[in-house]
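# Coordinate inspection notes
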Amino acid sequence: KCQEPFLFTKLIPNLVVMNHDTAFLWLTLKKILLALELLVIVNRAYAQVPKDFVERYYAAYNGTPTSEKLASFYHDSVRLEDPTFNFVGKNKAEIFRNFDKSNVMNHYEWHISQTIISGDTVVTEGNLVAKYGGIPYNMRFVNIFHLKNGLIFRQYDYYDTRLYHQAVKEWREKNPKK
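Summary of the structure given here.

What counts, and at which threshold
- Residues numbered from 1 in each chain as written.
- Predicted model: local features only at pLDDT ≥ 70, side-chain atom pairs only at ≥ 80, totals over all residues.
- Heavy atoms only, no water.
- Helix = DSSP H or I, 4+ residues; strand = E, 2+ residues; numbered from the N terminus.
- Buried < 20%, exposed > 50% of the residue type's maximum accessible area, 1.4 Å probe, protein only.
- Contact = heavy atoms within 4.5 Å.
- Areas by Shrake-Rupley, 256 points an atom, 1.4 Å probe, with all protein chains shown as cover.
- Arc of directions from axis to C-beta.
- Core = buried A, V, L, I, M, F, W, Y, C linked by side-chain atoms within 4.5 Å.
- Salt bridge = Lys/Arg side-chain N within 4 Å of Asp/Glu carboxyl O.
- 1 Å grid on protein atoms, 1.4 Å probe; cavity = no way out; pocket = protein on both sides within 12 Å on 5 of 7 lines; lining within 4 Å.
- Points joined across faces, edges and corners; volume = space filled by probe spheres on them.
- Pairing = 2+ DSSP bridges.

Check the secondary structure of the protein chain and you find six helices and six strands. Along its sequence from the N terminus, the protein chain presents helices and strands in the succession α-α-α-β-β-α-α-β-β-β-β-α. Taken across its 178 residues, the protein chain has 31% of its residues classed as buried. Considering only contacts within the protein chain whose residues lie at least 6 apart along the sequence, 52% involve residues at least 24 apart. In the structure as shown, the protein chain presents an accessible area of about 11,900 Å², 56% of it carried by carbon and sulfur atoms.

See the structure below:
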């Protein structure tokens, strides 16, 4: 729900107009102020990130992530780019095709240290405290989300994966047959 917009036209009282020139200027000013009000209202209605988006998204991603818990956050035409893991998902179906299988060994706790919201864009920074097959690791991260109608339309992920790769290597050494 949008907040009550600030009405610029309330700033200027209805003055008694003395002549034709001031009447024209006054009407022009009122039209400009009305146009500004409409822009503010439209911007709030169509380029707004849902209030609890960040909390809901990362709550759904906590634990062992599944496509069932996360798919509802994504637009069907989403594009996800994760250069850290050399992954590009060109649509929702492609992103979630092997998602559950790829994450069965993972257990996540997302700790957000900073959130920046501008229009329909959200940037989060934080620390992912995780386990791979029971072996703990953590990764600093930045996620960038561009939303369309409240759904993720573009996403860019960046992770510091050094400790993740160490955990995977350690798990493989302990479980050579799996």
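When we look at burial in helix 2 (residues 53–61), the residues that qualify are F53, V54, Y57, Y58, A60 and Y61. Relative to the axis of helix 2, the buried residues are bounded by an arc of 155° and lie together on one face. Where helix 2 terminates, the next one or two residues include G63, which has phi positive at roughly 75°.

Attention shifts here to unusual backbone geometry. Look at N86: it is not a glycine, yet its phi comes out positive at around 55°. With respect to the helices and strands, N86 occurs in the loop between strand 1 (74–82) and strand 2 (87–89). Here the phi dihedral of N149 falls at roughly 55°; this positive angle occurs in a residue that is not glycine. When you line up the elements, N149 lands in the loop between strand 5 (135–148) and strand 6 (151–159).

Counting 34 residues, the largest nonpolar core has F53, Y57 and I152 as its most contacted members. Looking at this core, the elements with two or more residues in it are helix 2, strand 1, helix 4 (92–96), strand 3 (106–118), strand 4 (121–132), strand 5, strand 6 and helix 6 (162–174). In contact with Y57, not counting residues within four places along its chain, are L70, F73, Y74, F145, I152 and Q155.

Going through the model one piece at a time under the given rule, you end up with five salt bridges. Here K174 makes a salt bridge to E170, at a shortest N to O gap of 3.1 Å. With K174 and E170 both in helix 6 and four residues apart, the pair spans about one turn of that helix. Owing to a relative accessible area of 57%, K174 belongs among the exposed residues under this scheme. The exposure class assigned to E170 is partly exposed, which follows from its relative accessible area of 34%.

A few words on the layout of surface pockets. To locate leftover empty space, one rolls a probe as large as a water molecule over the atoms. The space that makes up the largest pocket amounts to roughly 560 Å³. Around the largest pocket, the lining is made up of 28 residues, and of these Y61, D82, F85, F99 and N103 lie nearest the centre. When residues of the lining of the largest pocket are traced back to their parent elements, those giving at least two are helix 2, strand 1, helix 4, helix 5 (99–103), strand 3, strand 5 and strand 6.

Quick look at the pairing of strand 6 now. Every other side chain in a regular strand lies on the same face of the sheet, so the side chains alternate between the two faces. Bridge analysis of strand 1 against strand 6 gives four bridges, and the strand direction is parallel. Bridged to Y74 within strand 6 is I152. Note that strand 5 and strand 6 share eight bridges and pair antiparallel. Bridge pairing links I144 to Y156 in strand 6. Hairpin connection from strand 5 to strand 6: two residues lie between these consecutive antiparallel strands, with N149 at a positive phi of about 55°.

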